[in-house]
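# Examining the three-dimensional arrangement
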2 protein chains.
Amino acid sequence: MEEYRVLEIKQSVFADNDREADAVREGLKARGQYLLNLMSSPGSGKTTTLSRTIEALAPELKLAVMEADIDSDVDAATIARLGAKTIQLHTGGMCHLDAGMCQQGLDGLAASDADLIFLENVGNLVCPAEFDTGACKNACILSVPEGDDKPLKYPLMFQVCDVVLVNKIDVAPYFDFDLEKCRANVAMRNPKARVIPICAKTGEGMGEWYDWLRAEVAAWKQA
Amino acid sequence: MEEYRVLEIKQSVFADNDREADAVREGLKARGQYLLNLMSSPGSGKTTTLSRTIEALAPELKLAVMEADIDSDVDAATIARLGAKTIQLHTGGMCHLDAGMCQQGLDGLAASDADLIFLENVGNLVCPAEFDTGACKNACILSVPEGDDKPLKYPLMFQVCDVVLVNKIDVAPYFDFDLEKCRANVAMRNPKARVIPICAKTGEGMGEWYDWLRAEVAAWKQA
């Protein structure tokens, strides 16, 4: 089993998070590294989605993962088993990551050769959306059991996300979830957001997500 | 259809939230009113659970509801239709309610004759747990699709809750959810927490929850 480090991250000392976030992105750009900030409610399937993504893309891209969590190491242990370089970030009760905390994670991860780094943010549809982490793009997962009305109730999360993965579509028959209504609710918050229905457990729909990631990484390295 | 008010609540001005929370409880006690703070992740079924609870308990108790949400009125509209006195609290982006905000809601609700008042907190397993709202007790809902490991990852929420409703047990066959593991994880955070498996949609298990509420309200009025 791969090892992973646990890092207790500290509250940021930077007054201007947006400026700090730009500095994080400049560093990533200089190293040719793409960072994706993955957000969602607790239990929507971030870790399962990441696990499957790592298995699919590891043959072609060098991957690394920062797992943010308030307290446990459950997710880092799962991800490290797949062979990607992993660090567990403990936020010490804090409900989000900002750019300074993300940079602490990148420094601790020490994966300067990775092409694609995932930041699995704290499970929370509210606070993480308020802070630019310095990632190249934001993604969020909305799982079918949560309901198609979530973009109405958590507006900022859907405004700031470039891609929305609608996960657990295998259980759609057992829930009152309307995919077209969900698409319309996302579009109301952010008409440019790409919506990709997936089932991370069975792999359904994941090809479109991998293609999106491949294109993003390639464009970031070239630009 | 019953009407409901929408109240834009303001950030609290009180430095000492715990003292303010005690003042909220003293007011409730003086009026013989029981306030329950209901918390959970987005989409775990707070509004459905409340709807069914109102239908069941309305013949015997006078009920009122404060619906906290960042932006929408979806939940208040649903609840008001059932005839309980309802107010929609808009937090203006804030991720939780504290005691001062709860008191603003109680003042706006103006339901001094209600026996049992529910506060549906913002959907978030992190921040709401950090603030005593002044409620008599805290309840949280953990839904089956979120996974049995949530008490490991969101420790404070389960530490502060007196009762944990495990919702959506009707879909348990389609998820890797182990109820005994869930009970053990809750007990690790809070051995005194009562765990009640329910399905708010079908009504399964709800009788135990109603009995808990009945006993709580009666004890609060007598003490």
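This text goes with the structure placed above it.
Residues numbered from 1 in each chain as written. Chains lettered and ligands numbered in written order. Predicted model: local features only at pLDDT ≥ 70, side-chain atom pairs only at ≥ 80, totals over all residues. Heavy atoms only, no water.

## Section: the pairing of strand β3 (residues 63-69) of chain A
Residue and element names in this part refer to chain A. Threshold: Relative accessibility decides the category of a residue: with a 1.4 Å probe and only protein chains considered, values under 20% of the type maximum give buried, values over 50% give exposed, and everything between is partly exposed. Helix and strand assignments follow DSSP, with helices taken as H or I runs no shorter than four residues and strands as E runs no shorter than two, numbered in order from the N terminus. Paired strands are those between which DSSP finds at least two bridges. Note on handedness: a crossover is taken as right-handed if, strands pointing away from the viewer, the path from the first strand over the helix to the second is clockwise.
Among the seven residues that make up β3, seven are buried, leaving the element largely enclosed by the rest of the structure. Covered by surrounding structure in β3 are Leu63, Val65, Glu67 and Asp69 together with Ala64, Met66 and Ala68, the residues of both alternating faces. Across five bridges, the pairing between β3 and strand β5 (residues 116-120) is parallel. Residue valine 65 lies in a different strand from β5, and its bridge partner there is phenylalanine 118. After leaving β3, the chain enters helix α3 (residues 74-80) and then returns to the sheet as strand β4 (residues 85-90), a path that is right-handed.

## Regarding the relation of the copies chain A and chain B
The cut-off we apply is this: The atoms used to superpose the copies are C-alpha atoms, taken from residues with pLDDT of at least 70 in both, and the fit is least squares. Pairs of residues are marked as contacts when any of their non-hydrogen atoms sit within 4.5 Å.
By a simple turn and slide, chain A fits onto chain B: the slide is 0.0 Å along the axis, the RMSD is 0.0 Å, and the turn is 180°. Each copy turns onto its partner about a two-fold axis. Of all interface residues in chain A, 100% are interface residues in chain B too; the two copies therefore contact each other through one and the same surface.

## Regarding the interface of chain A and chain B
Selection criterion: Here's the idea: put two parts together, see how much 1.4 Å probe accessible area each one loses, and the total over both is what we call buried area. We count a salt bridge whenever a side-chain nitrogen from Lys or Arg sits within 4 Å of a carboxyl oxygen from Asp or Glu. When residues are grouped by polarity, Ala, Val, Leu, Ile, Met, Phe, Trp, Tyr, Cys and Pro land in nonpolar, Asp, Glu, Lys and Arg in charged, and all others, Gly among them, in polar.
Contacts between the two partners involve 33 residues from chain A, matched on the other side by 34 residues from chain B. Both sides of the chain A and chain B interface together cover about 2,500 Å² of buried area, and 59% of this is carbon and sulfur. Area buried by chain A at its contact with chain B is led by A:Pro42, A:Lys153 and A:Tyr174, which between them contribute 22% of it. One can count four salt bridges joining chain A with chain B. A salt bridge links B:Arg189 to A:Asp71; the nearest nitrogen and oxygen atoms lie 3.5 Å apart. Here the side of chain A that touches chain B is composed, by residue class, of 15 nonpolar, six polar and 12 charged.

## Observations concerning helix α8 (residues 206-222) of chain A
Residues and elements named next belong to chain A. So the rule is basically this: Given a helix with a known number of residues, its expected span is that number minus one, times 1.5 Å. Arc definition: directions from the helix axis to the C-beta atoms.
Across its 17 residues, α8 extends 25 Å between first and last C-alpha, which sits within 8% of the 24 Å expected from 1.5 Å per residue. Where α8 is concerned, the buried positions are Met206, Trp209, Tyr210, Trp212, Leu213, Glu216, Val217 and Trp220. Angular distribution of buried residues about the axis of α8 spans 160°; they occupy a single face of the element.

## Side note on the packing of aromatic side chains
Residues and elements named next belong to chain A. Definition in use: Aromatic contacts are taken between Phe, Tyr and Trp rings whose centres are within 6.5 Å, Trp giving its six-membered ring; a plane angle under 30 degrees counts as stacked, one over 60 as edge-to-face, and the others as tilted. In this scheme, the term charge over a ring applies when either NZ of a lysine or CZ of an arginine sits within 6 Å of the ring centre and within 35 degrees of the ring normal.
One pass over the full model with this rule turns up six aromatic pairs over all chains. Between tryptophan 209 and tryptophan 212 the ring centres are 5.9 Å apart and the planes differ by 10°, which places this aromatic pair in the stacked class. Here tryptophan 209 and its partner tryptophan 212 are both found in helix α8, three residues apart, which amounts to about one turn of the helix. When its relative accessible area of 1% is taken as the criterion, tryptophan 209 is described as buried. For the cation-ring pair, lysine 29 lies above tryptophan 220, with the distance from its terminal atom to the ring centre recorded as 4.0 Å.

## What to know about the sheet that holds strand β2 (residues 34-40) of chain B
Residue and element names in this part refer to chain B. Definition in use: Lines fitted to C-alpha atoms define the axes here, with helix axes fitted over just the stretch in contact, and angles between the N-to-C directions of these axes take values from 0 to 180 degrees.
Strand order across the open sheet formed by eight strands is β1-β4-β3-β5-β2-β6-β7-β8, with parallel pairing between neighbours. The sheet terminates laterally at β1 (5-8) and β8 (194-197), the two strands that pair on one side only. Mean inter-strand twist for the sheet, computed between neighbouring axes without regard to direction, equals 20°. Where β2 and strand β5 (residues 116-120) come together, five bridges link them in parallel fashion. The residue bridging leucine 35 from the neighbouring strand is isoleucine 117, located in β5. Each of β6 (137-143), β7 (163-167) and β8 touches helix α7 (residues 179-189); the most contacted strand, β8, lies at about 155° to it.

## Structural notes on helix α7 (residues 179-189) of chain A
Residues lying three or four places apart along an α-helix face the same way, a consequence of the helix completing one turn every 3.6 residues. Residues and elements named next belong to chain A. Considered for burial, the residues of α7 that qualify are Cys182, Asn185 and Val186. Considered in projection along α7, the buried side chains sweep an arc of 100° and stay on one side of the axis. Facing away from the buried side of α7 by over 90 degrees, the exposed positions are Glu180 and Met188. The inward-facing, buried residues of α7 contact β6 (137-143), α5 (150-153), α6 (155-160), β7 (163-167) and β8 (194-197).

## Observations regarding the pattern of salt bridges
Residue and element names in this part refer to chain A. This model, assessed by the stated rule, comprises 26 salt bridges over all chains. Among the ionic pairs, lysine 62 bridges to aspartate 113, the shortest N-O distance being 3.8 Å. Of this pair, lysine 62 sits in the loop between α2 (46-57) and β3 while aspartate 113 sits in the loop between α4 (99-109) and β5; the two residues are 51 residues apart in sequence, bridging distant segments of the chain. Taking the relative accessible area as the measure of exposure, aspartate 113 reaches 46% and is therefore partly exposed. Across the pair lysine 137 and glutamate 216 runs a salt bridge, and its minimum N-O distance is 3.0 Å.

## Some remarks on the sheet that holds β5(A)
Residues and elements named next belong to chain A. In spatial order, the strands read β1-β4-β3-β5-β2-β6-β7-β8; together these eight strands make up an open sheet with parallel pairing. Bordering the open sheet on either side are β1 (5-8) and β8, each of which pairs with just one other strand. Neighbour to neighbour, the strand axes of the sheet diverge by 20° on average, direction disregarded.

Fair warning: the whole summary comes from geometry, so function is off the table for now.
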